[in-house]
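Listed below, chain by chain, are the residues.
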Amino acid sequence: MRNVATLVQRELGAYFLSPIAYALLVIFLVLTGWAFSGGTFHQGGDASLRGLLELSPLILLCLIPFLTMRLISEEFRSGTIETLMTVPVSDVDVVLGKFLGAVAFFVVLLLGTVPYPIILSMYGPVDPKLLLCHYVGLLLLGSLYISVGLFFSAWTKHQLIAGMLSVVVLAVMTYLTRSIADHVEGWPKAVLQQLSVFSHFGDFVRGLIDFNHVVFFVTMTALFLFLSVKVLEVRRWR
Amino acid sequence: MIRVTNLTKRFGRLVAVDNISFHVERGDVVGFLGPNGAGKSTTIRVLTCYHPASSGSATIGGLDVFTDSMEVRNRLGYLPETTPLYPEMRVREYLNFRGKLRRMSRSDRQGAIRRVTERCWMGEFIDRPIGQLSRGMRQRVGLADAIMHEPDVLILDEPTAGLDPAQIRETRNLIKELGERHTILISSHILHEVEQVCARIIIIAGGKIVASGTVDELREHIAGRGRVIAEIRGPDEKELETKMRGLPGVDRIELSAVNGWTRLALETKPDHDIREELYRLTSESGWSLREIRREGATLEDFFIQVTAEQHAKQAEAARA
């Protein structure tokens, strides 16, 4: 675990030393700001982040792959994977370190949205429980997206390919499964609805923390982390 | 210290390392020599726990590289061929990061960084970002990283590749110095380099070990056809040639005229030194002799021959 902490520290440092992090921070704030103002400041709008939350799967599925595509693919491209995997560090350490590093950076992005509820509180009462529910939802959603992005980053040494595959797969997981579910009947509908990230995220937007949804996000994230470890292992055999 | 037994590594259908065995004793500096693509880096990657072997085994200090991987990594210092580093980190920061991954305490890390900064002449650039460093400086950072935890075994893959002559000499001296305290395996495709720093050499080609031994043993082994050069005045060429044929072990004779002297180049069978007999013959015949010397086959000749054979084999395989 000490290794994981060391790797998280390095990963976070690497983010802040690269221009892409600052570009992402700006784009994230512009998009969330737009979603926040557009979704809240209108006739009958309520004093919550609901407008922002509804759009956040779309915003995150476009942005998070930029955050994750470099993580492991860059180590393979530059060859640093060889120096990394020849010190006493396990494949699990590497995957967890990369994952938690990206999650930490995502938390920094989320901190950028803290002014929104503060602004809201000037207009009306803000429900702290609802706010907490929204942030828990965002964190779970972001973590799942990061684990998917990390998996593709472990899969190929081409950053762009890792990024594009992540966007496509995230879009399918989030929206396409749901759209298809609307057009089929019986058990396929049930399965697709269960798999749709959007369906599970919906309750967080409405202010409900349902244990089922939390389990869904945590298991899916764990699954992609597990797959990332396996891909990393397999690549070292070849 | 390093023991490799029947090691094979396949990548799909390609056999990169084909059933090789060798060992390196504690305190030895061994050169791992072979043309590009011979299987050197692959063998090294198995030894450093990066690639698992397809079959066979390798141990470092008695520990298996596959089953005791973490402990082996603790005892190893490794400089990969391309010296991969994180360009955004500063040298000190990088070494500190590497020290932490090796579970060194804060004070150990600080002491180690001070020590390697001096040993690897990094004083001028210890606080600069790695991305701004020259090839030679990066190489020194890689070397510093490999030795900072005082490992039992150092494995250096092409440590002088891409350096300028002055840097090559510096690195070589450093390796010699390190050899006093560590067991070292150096891979290289430059014979000259290995000859200078290594006590023993293992030559690998086409994934197989083709020769191994001390530099002198190898020379002896490959001395094969020695040549004796002599310059003689007196007899005419015909007489000289007949007399030379009478000497034991002479295979080929070349004669050429040099300012009234006859220059002889005699190729002999292995293990025949005919200098004494040649001298006796000239003095008994009353000829003048102004030069006599033996030219051994060089390691370089042998290495080039091995390389050529490998290329021929590869070309053949590509055609098939």
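Note that this is a predicted model, so its numbers are computed, not measured.

**Student:** Which parts of the structure should I look at to understand the overall build of chain B?
**Tutor:** The helix and strand tally for chain B stands at 11 helices and 14 strands. Radius of gyration (C-alpha) of chain B: 25 Å, far over the 20 Å computed for a compact globule of 320 residues. Structurally, chain B occupies a C-alpha span of about 80 × 45 × 35 Å along its principal axes. Put simply, chain B has 320 residues, and 50% of those count as buried. Accessible area of chain B: about 15,200 Å², with a carbon and sulfur share of 46%. Within chain B, one finds 47 positive and 46 negative side-chain charges whose respective centroids are separated by 6 Å.

**Student:** Just checking my understanding: could you explain a nonpolar patch on the surface for this structure?
**Tutor:** Residue and element names in this part refer to chain A. A cluster of nonpolar side chains, namely Phe41, Val107, Leu111, Val114, Ile118, Ile119, Met122, Tyr123 and Leu139, defines an oily patch on the protein surface of about 850 Å² accessible area. Contributions of two or more residues to the nonpolar patch are made by helix 6 (91-111) and helix 7 (115-121). In this fold, Leu111 is placed in helix 6.

**Student:** I tried to follow the pattern of salt bridges on my own but got confused; where do I start?
**Tutor:** In the structure shown here, the tally under the stated rule is 26 salt bridges over all chains. Note that Glu75 of chain A is salt-bridged to Lys98 of chain A, the shortest N-O span being 2.6 Å. Of this pair, Glu75 of chain A sits in helix 4 (residues 73-78) while Lys98 of chain A is found in helix 6, placing the two residues 23 residues apart along the sequence. Given a relative accessible area of 3%, Glu75 of chain A falls into the buried group. The structure contains a network of salt bridges with shared partners spanning Arg10, Glu11, Arg70, Glu75 and Lys98 of chain A together with Glu88 of chain B.

**Student:** What is the right way to look at the nonpolar core in this model?
**Tutor:** What tends to happen in soluble globular proteins is that the nonpolar side chains get buried as a cluster. Ranked by internal contacts, the top residues of the largest apolar core, which has 114 residues, are Leu144 of chain A together with Leu95 and Met122 of chain B. Looking at this core, the element that brings in the most residues is helix 8 (residues 128-155) of chain A, giving 13 residues. With 27 residues, the next largest nonpolar core counts Ile20, Ala38, Leu185 and Ile204 of chain B among its residues.

**Student:** I would appreciate a short explanation of the environment of Tyr175 of chain A in the present structure.
**Tutor:** If you trace the backbone, Tyr175 of chain A turns up in helix 9 (residues 159-183). Considering only alpha carbons, one finds Tyr175 of chain A and Pro57 of chain A, 118 residues apart in sequence, at a separation of 9.2 Å.

**Student:** I tried to follow the layout of surface pockets on my own but got confused; where do I start?
**Tutor:** Residue and element names in this part refer to chain B. In this model, the largest pocket occupies a volume close to 580 Å³. What lines the largest pocket is a set of 25 residues, and nearest its centre among them are Gly37, Gly206, Gly207, Gln310 and Gln314. If you list the elements that add at least two residues to the lining of the largest pocket, you get strand 2 (14-24), helix 1 (40-47), strand 10 (208-214) and helix 11 (299-319). In terms of residues, the lining of the largest pocket owes the most to one element, helix 11, which gives six residues. Split into classes, the residues belonging to the lining of the largest pocket amount to eight nonpolar, nine polar and eight charged.

**Student:** What is the right way to look at the interface of chain B and chain A in this model?
**Tutor:** In many analyses, interface size is given as the accessible surface area lost on bringing the parts together. Contacts between the two partners involve 29 residues from chain B, matched on the other side by 26 residues from chain A. Here chain B packs against chain A, burying approximately 2,700 Å² in sum over the two surfaces, 58% of which is carbon and sulfur. Between Glu82 of chain A and Arg45 of chain B there is a salt bridge, and its shortest N-O distance comes to 3.0 Å. On inspection of chain B and its partner chain A, the count reaches 13 residue pairs in polar contact (both at pLDDT 80 or more). For the side of chain B that touches chain A, the secondary structure elements donating two or more residues are strand 1 (2-11), helix 2 (69-75) and helix 3 (91-101) of chain B.

**Student:** Hey, could you run me through helix 6 (residues 165-178) of chain B in this one?
**Tutor:** Counting along an α-helix, one turn takes 3.6 residues, and residues three or four places apart therefore face a common direction. Residue and element names in this part refer to chain B. An ideal rise of 1.5 Å per residue puts 20 Å on 14 residues; helix 6 measures up with 20 Å between its terminal C-alpha atoms. Turning to helix 6, its buried residues are Gln167, Ile168, Thr171, Arg172, Leu174, Ile175 and Leu178. Along the long axis of helix 6, the arc covered by the buried residues comes to 160°, so they all point the same way. Opposite the packed face of helix 6, turned more than 90 degrees from it, sit the exposed residues Pro165, Ala166 and Arg169. Against the buried residues of helix 6 lie helix 4 (106-119), helix 5 (135-147), strand 7 (153-157), strand 8 (183-188) and helix 7 (191-197).

Rules of the game
Residues numbered from 1 in each chain as written. Chains lettered and ligands numbered in written order. Predicted model: local features only at pLDDT ≥ 70, side-chain atom pairs only at ≥ 80, totals over all residues. Heavy atoms only, no water. Helix = DSSP H or I, 4+ residues; strand = E, 2+ residues; numbered from the N terminus. Rg over C-alpha atoms; globule rule 2.2 N^0.38 Å. Buried < 20%, exposed > 50% of the residue type's maximum accessible area, 1.4 Å probe, protein only. Areas by Shrake-Rupley, 256 points an atom, 1.4 Å probe, with all protein chains shown as cover. Lys, Arg positive; Asp, Glu negative; His and termini not counted. Charge placed at Lys NZ, Arg CZ, Asp CG, Glu CD. Patch = residues over 30% accessible without salt bridge, like charges linked within 9 Å, V, L, I, M, F, W, Y side chains within 5 Å. Salt bridge = Lys/Arg side-chain N within 4 Å of Asp/Glu carboxyl O. Core = buried A, V, L, I, M, F, W, Y, C linked by side-chain atoms within 4.5 Å. 1 Å grid on protein atoms, 1.4 Å probe; cavity = no way out; pocket = protein on both sides within 12 Å on 5 of 7 lines; lining within 4 Å. Points joined across faces, edges and corners; volume = space filled by probe spheres on them. Nonpolar A, V, L, I, M, F, W, Y, C, P; charged D, E, K, R; others polar. Contact = heavy atoms within 4.5 Å. Buried area = accessible area lost by both parts, 1.4 Å probe. Polar contact = N/O pair within 3.5 Å; in protein donor to acceptor, adjacent residues only side chain to side chain. Expected span 1.5 Å × (residues − 1). Arc of directions from axis to C-beta.

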